[in-house]
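# Report on the structure
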Amino acid sequence: MKILWCWRCKIDVPMLDDNEFTKAKELYSLGFKNAKADRFQPLLKYYKDLTGFKETEAAAIMHHQISQYGPVCNICGKPYRTPAAIFCAACGDRID
């Protein structure tokens with residue numbers, strides 16, 4: 001887990017590493033197979049227990065994977081939007 005800026009949420013949030021995210025993705029999938037109103041509760045609980053951050057939207061957690069983002073910008077500190085990005089969407093700095 002690592003705290004990073006989330007482009008979707010527009011705040012710094014705990015991002016999951018690939019192993020942590022694999023479990024989160026499984027819980028998210030199981031939620032779609034459950035018809036109950038609280039079907040994503042296991043995912044939300046897993047994320048809170050792991051990170052200490054109380055997320056209320058299960059879909060947001062699917063954007064909280066470290067490897068979905070690029071390196072952290074040396075100028076503004078926000079991650080590049082994708083691993084393939086060549087410039088920072090926040091400040092315009094470019095990777096040379």
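A brief structural summary. (Residues numbered from 1 in each chain as written. Predicted model: local features only at pLDDT ≥ 70, side-chain atom pairs only at ≥ 80, totals over all residues. Heavy atoms only, no water.)

## Here we look at the environment of valine 72
With respect to the helices, strands and loops of the structure, valine 72 is situated in the segment after α3 (58-61). A sequence separation of 68 residues divides valine 72 from leucine 4, and the C-alpha atoms of the two residues are 8.6 Å apart. Every residue in contact with valine 72, bar those within four places of it in the chain, is listed here: Lys2, Leu4, Gly77, Lys78, Pro79 and Tyr80. (Helix = DSSP H or I, 4+ residues; strand = E, 2+ residues; numbered from the N terminus. Contact = heavy atoms within 4.5 Å.)

## Brief notes about the packing of helix α1 (residues 18-32) against helix α2 (residues 41-51)
Think of two packed helices as two axes; the pair is described by the angle between the axes and how far apart they sit. Across the interface, α1 lies against α2 with an axial gap of 8 Å and an inter-helix angle of 160°. The angle between α1 and α2 falls in the class roughly antiparallel. Between α1 and α2, the contacting residues are Glu20, Lys23, Ala24, Leu27 and Tyr28 on the first element and Pro42, Leu43, Tyr46 and Leu50 on the second. A class-by-class count of the residues in the contact of α1 with α2 yields seven nonpolar, no polar and two charged. (Axes fitted to C-alpha atoms, helices over the stretch in contact; angles between N-to-C directions. Parallel < 35°, antiparallel > 145°, perpendicular 65-115°, else oblique. Nonpolar A, V, L, I, M, F, W, Y, C, P; charged D, E, K, R; others polar.)

## Considering the nonpolar core
With 20 residues, the main nonpolar core has Ala24, Leu43, Ile61 and Met62 as its most contacted residues. Contributions of two or more residues to this core are made by β1 (2-6), β2 (11-15), α1, α2 and α3. When near neighbours in sequence (up to four residues on either side) are disregarded, alanine 24 contacts Leu16, Leu43, Tyr46, Ile61 and Met62. (Core = buried A, V, L, I, M, F, W, Y, C linked by side-chain atoms within 4.5 Å. Buried < 20%, exposed > 50% of the residue type's maximum accessible area, 1.4 Å probe, protein only.)

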